[in-house]
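# What the coordinates show
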Amino acid sequence: MKLDTNDRKIVEMLQKDATLSYGVIAERLGLTEGEVEGRISRLSDTRTKILIVDDELDTLLPLKRALEIEDFNVIEAQDGIEALERVGSDIPDLILLDLMLPKLNGFEVCQRLKQDEATSSIPIIMPTAKGETSDKVEGIEIGADDYVTKPFDLDELKARIKAVLRRTTP
Amino acid sequence: MKVKIERDTIAIILLICIVLICVVTLLGFKSHGEVEDLVRQQFNEQQLMLARQAALGIEGFADERVTIIEILARDRSGDSISDITGCFKTIYEETSGFYSIEFIDANGVVVYGYPEHSAPVGYDLYAENMSGTFDSARDKKETNISSPTPLFEGGLGSFIWVPVYEEEEFRGVILAIIRTTTITDRFLEPIMQDRTGYVYMIDNKGKSLYDGTRREAIGKNYIKMLSEDNDAWLKILNEQMNGSEGTAVYFDEGSRSEQIVAYAPVRWRDQLWSVAISVPASEVDDLIRSVYVKQMTFLGIVIAIILGGSLGLIVMYSRWNKTLEAEVKLKTGDLIQSNKELALANERLKELDKLKSDFVSMVSHELKTPLAAMRTSAQVLEVTDINTETKGEMLDIILRNIDRQTNLVNDLLDLSRIESGRMELKFEKLSLDSIIADSVESVRPAAMDKGLTLDVELPDGLASVKADREKLTPVIINLLNNAIKFTPSGGGEIIIKVRELNGQVEVRVSDTGIGIPPEDLDRVFDKFYQVDSTLTREAGGTGLGLAICKGIIDAHNGKIWAESELGKGSTFSLTLEKWSG
């Protein structure tokens, strides 16, 4: 998990004095109490974080619920640009990246992530509705780690996610 | 290439033209020589004919005179001398040409003569010792004609001695004298009138009897007058003295010019004279020159005709060529045109093919996406310990996607019907008022949810249109829904405006929404085109609505188009035909 300066300061403060209230911390760092609470809850969340990128909310939501039931921390993005932003701010452990996305398509997002050293190690699984071989080959070439074909079986997806995580986590 | 061929052809025509001119010129010059010879020959013959004619004339004239006297001498031989001499006057006056006619009796004394004033009556030949010819005529008993000899009165004259015998009795001689000038004035003088050259006549000794230019030479002998180096003329004179006829050329020292001489003999009993016509050779040259001029004129005309003909050919050819070229250009143009059309058609086919495969993959995506959502949701529902809230969420997703799938399938079926031309339209006389009122009512709740106002502008007495109510209503609703969909909540305004324009009825649906980028304006009626898919999905669109609208309006013989300004709003317009009864 990647921490920014404020995150580190909060951690330091809490290590010195575990009884500090959110209000005191917020006052010291010039943040709102809500922000501090959010940061602390995020810092204290040790679940595996998965980013789902899909422009179809109806696809995204059941997937999110299914993975939450499996105790994953699920964050979401609905287009390519948002996906890159979420990767930068939240550092997910795995990305489920749809191909057909507004603004920046799945291949381009994948390519950018794999070219950036900071994000190149994040495993990517591409669910695609097309099921065409050429898409798969292109995806593999630019570094996608695995595929699932729409409509996919939820159990298969879960198994693949776990397999990829096992493979990439030291 | 084209220009080269044309030049070649023109060059060939010119070459043929030049060759023709050369041939004509060559033939012309060759015939010049022949013509020159021919003209010279003709000229010589003509001169000779003239000489011959003159000679014959002289012969006839002189012989006739002699014959008259002889007839007199024979027929009247028994008559008295006075009877004989009595005829002299008649003969003299009836036949012109005699200088005088005399009668010399058997003793050699002139007893009578006519005209009497010139008759030396009493003149005794023996006494004067001039009886030679008289004796010869008496002894030979035949006519004796003397060479022209000088007369007492001047000039030359021919003495014709005709003896008169009664049986064997010699009665005397009739002497007739013909002056040479009488003959020459009659036969030679007129020949050279209005012509260059001159005529002369000699006897068989070379004595000049007549000379057209040198009167002083008459009576003298030419041979003696000749300078030594004039062999050519001497030769001619010799020929003449021999009694030959012909033509010849000699160089005259006096006039310093070449002379053509044509000569013919005059045979009068035992007399031999020769008439000659001498003409400068330049006469022939003049003649030839005039022939040349005519020939050159002819040559010139022929060349002009050849040149004109060639020019005509070239002009005709180049015109024909131009017509041909124009025709070829036309044909080539047609070919190029059809090639272009083919290329265009090919391009269009490729485009259509791409569109088709794009469409297929879009359909595949659009069909699989709701299925994926339903499947995942159903699998989430399978888990026993999920909460009620999640259950509701999942059921909503499933139901929504079933609707979405249904809509998509319906739209695809509509589109398929439109594209295959199987859509059946029931045209009727429709008032747009009711259709628009119905459409507005059906979208009003959605507009009100977003806080948008809906204005309808309908003119009074609007003409009815020819349309299918069941097909047209969804089009209007679709346009209104789009307007609502792409106009942000609160304060927006949607206007539907109808007017008559150019014999048609135009419906305009305007909004104050987000607008469409100019580069996308043409594509909004394409299948699955979506300016922003997220928004479309939220509103439950399939991306086929406008394509279906366009198909329906096209089937109505109408037009549909979009105008927009990014950020300010869009206007969708359509036209319909008026009901014409």
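Residues numbered from 1 in each chain as written. Chains lettered and ligands numbered in written order. Predicted model: local features only at pLDDT ≥ 70, side-chain atom pairs only at ≥ 80, totals over all residues. Heavy atoms only, no water.

## A word on the overall build of chain A
Helix and strand content of chain A: eight helices and five strands. The order of helices and strands in chain A, counted from the N terminus, is α-α-α-β-α-β-α-β-α-β-α-β-α. Each of the 170 residues in chain A was classed as buried or not, and the buried ones make up 46%. Within chain A, counting contacts between residues at least 6 apart in sequence, those at least 24 apart form 56% of the total. Roughly 8,400 Å² of accessible area belongs to chain A as shown, and the carbon and sulfur atoms make up 47% of that amount. (Helix = DSSP H or I, 4+ residues; strand = E, 2+ residues; numbered from the N terminus. Buried < 20%, exposed > 50% of the residue type's maximum accessible area, 1.4 Å probe, protein only. Contact = heavy atoms within 4.5 Å. Areas by Shrake-Rupley, 256 points an atom, 1.4 Å probe, with all protein chains shown as cover.)

## Things to note about the overall build of chain B
Along its length, chain B carries 13 helices and 18 strands. The burial tally for chain B puts 43% of its 581 residues in the buried class. Sequence separation of 24 or more characterises 60% of the internal contacts of chain B that already satisfy a separation of 6 or more. Of the accessible surface of chain B, which amounts to about 31,400 Å², a share of 56% is contributed by carbon and sulfur atoms.

## Some remarks on the packing of helix α4 (residues 57-69) of chain A against helix α8 (residues 281-382) of chain B
Each packed pair of helices is defined by two parameters, the angle between the axes and the distance between the axes. Following both chains from N to C, one finds α4(A) and α8(B) inclined at 25 degrees, their axes separated by 8 Å at the closest point. By the criterion of interaxial angle, the relationship of α4(A) to α8(B) is roughly parallel. Judged by the sense of rotation from one axis to the other, the crossing of α4(A) with α8(B) is left-handed. Residues Asp58(A), Thr59(A), Pro62(A), Leu63(A), Arg65(A), Ala66(A) and Ile69(A) of α4(A) touch α8(B), and the partners they reach there are Thr369(B), Ala373(B), Thr376(B), Ser377(B) and Val380(B). Tallied by class, the residues present in the contact of α4(A) with α8(B) amount to six nonpolar, four polar and two charged. (Axes fitted to C-alpha atoms, helices over the stretch in contact; angles between N-to-C directions. Parallel < 35°, antiparallel > 145°, perpendicular 65-115°, else oblique. Left-handed = near helix turned anticlockwise from the far one by under 90°. Nonpolar A, V, L, I, M, F, W, Y, C, P; charged D, E, K, R; others polar.)

## Focus on unusual backbone geometry
Cis geometry is found at the peptide bond from Tyr114(B) to Pro115(B), where omega equals -10 degrees. Note that Pro115(B) resides in the loop between β2 (110-114) and α3 (125-128). A positive phi angle, near 45 degrees, is found at Ile91(A), a position not held by glycine. Within the secondary structure layout, Ile91(A) lies in the loop between α5 (80-90) and β3 (94-97). Since its relative accessible area comes to 21%, Ile91(A) is described here as partly exposed.

## With respect to the sheet that holds strand β16 (residues 504-510) of chain B
All names here are of chain B. Strands sit in the order β13-β15-β16-β18-β17 across an open sheet of five strands; the sheet is mixed. Each edge of the open sheet is held by one strand with a lone partner, namely β13 (453-457) and β17 (559-565). Across the sheet, the mean angle separating the axes of adjacent strands is 15 degrees when strand polarity is ignored. In terms of strand pairing, strand β15 (residues 493-501) meets β16 through seven bridges, oriented antiparallel. Across the sheet, Ile496 pairs through a bridge with Val509, a residue of β16. Against the sheet, helix α11 (residues 469-485) contacts β13, β15, β16, β17 and β18 (569-577), and its axis sits at roughly 170 degrees relative to β18. (Pairing = 2+ DSSP bridges.)

## Things to note about the pairing of β3(A)
All names here are of chain A. Where burial is concerned, the two faces of β3 agree: the one with Leu94 and Leu96 and the one with Ile95 and Leu97 are both buried. Here strand β1 (residues 49-53) runs beside β3; their pairing, made up of four bridges, is parallel. In the strand pairing of β3, Ile52 is matched with Leu96.

## Some remarks on the environment of Glu424(B)
All names here are of chain B. Along the chain, the position of Glu424 falls in the loop between α9 (388-419) and β12 (428-430). A relative accessible area of 65% places Glu424 in the exposed class. With near-sequence residues (within four places) excluded, Glu424 lies in contact with Asp468 and Lys471.

## What about the interface of chain B and chain A?
With 26 residues of chain B at the interface, the matching set in chain A holds 22 residues. Between chain B and chain A, roughly 2,100 Å² of surface is buried when both sides are summed, and carbon and sulfur atoms account for 59% of that area. For the pair chain B and chain A, the number of links is four salt bridges. Its salt-bridge partner being Asp58(A), residue Arg400(B) comes within 2.5 Å of it at the nearest N-O pair. Listing elements by their share of the side of chain B that touches chain A, those giving two or more residues are α8, α9 and α12 (533-539) of chain B. Residue contributions to the side of chain B that touches chain A peak at 14 residues, all from α8(B). (Buried area = accessible area lost by both parts, 1.4 Å probe. Salt bridge = Lys/Arg side-chain N within 4 Å of Asp/Glu carboxyl O.)

## Concerning the side chain of Glu56(A)
Tracing the backbone shows Glu56(A) in the loop between β1 and α4. A distance of 2.8 Å separates the side chain of Glu56(A) from the side chain of Arg404(B), its partner in a polar contact. (Polar contact = N/O pair within 3.5 Å; in protein donor to acceptor, adjacent residues only side chain to side chain.)

## As for the nonpolar core
All names here are of chain B. Counting residues in each nonpolar core, the largest one holds 50 residues, and the members touching the most others are Leu432, Leu480, Ile494, Leu544, Phe572 and Leu574. Setting aside its immediate chain neighbours within four residues, Leu544 contacts Phe359, Leu408, Asp411, Leu412, Leu415, Lys527 and Phe528. Membership of the second largest hydrophobic core comes to 49 residues, among which are Val162, Val199, Trp268 and Val275. (Core = buried A, V, L, I, M, F, W, Y, C linked by side-chain atoms within 4.5 Å.)

## Considerations on the sheet that holds strand β10 (residues 257-268) of chain B
All names here are of chain B. Spatial strand order, β8-β7-β11-β10-β9: five strands in an open sheet with antiparallel pairing. Either end of the sheet is taken by a strand with one partner, and the two such strands are β8 (208-211) and β9 (246-252). The sheet shows a mean angle of 25 degrees between the axes of neighbouring strands, direction not considered. Of the strand pairs in this sheet, β10 and strand β11 (residues 271-280) are connected by ten bridges, and their pairing is antiparallel. Across the sheet, Tyr263 pairs through a bridge with Ala276, a residue of β11.

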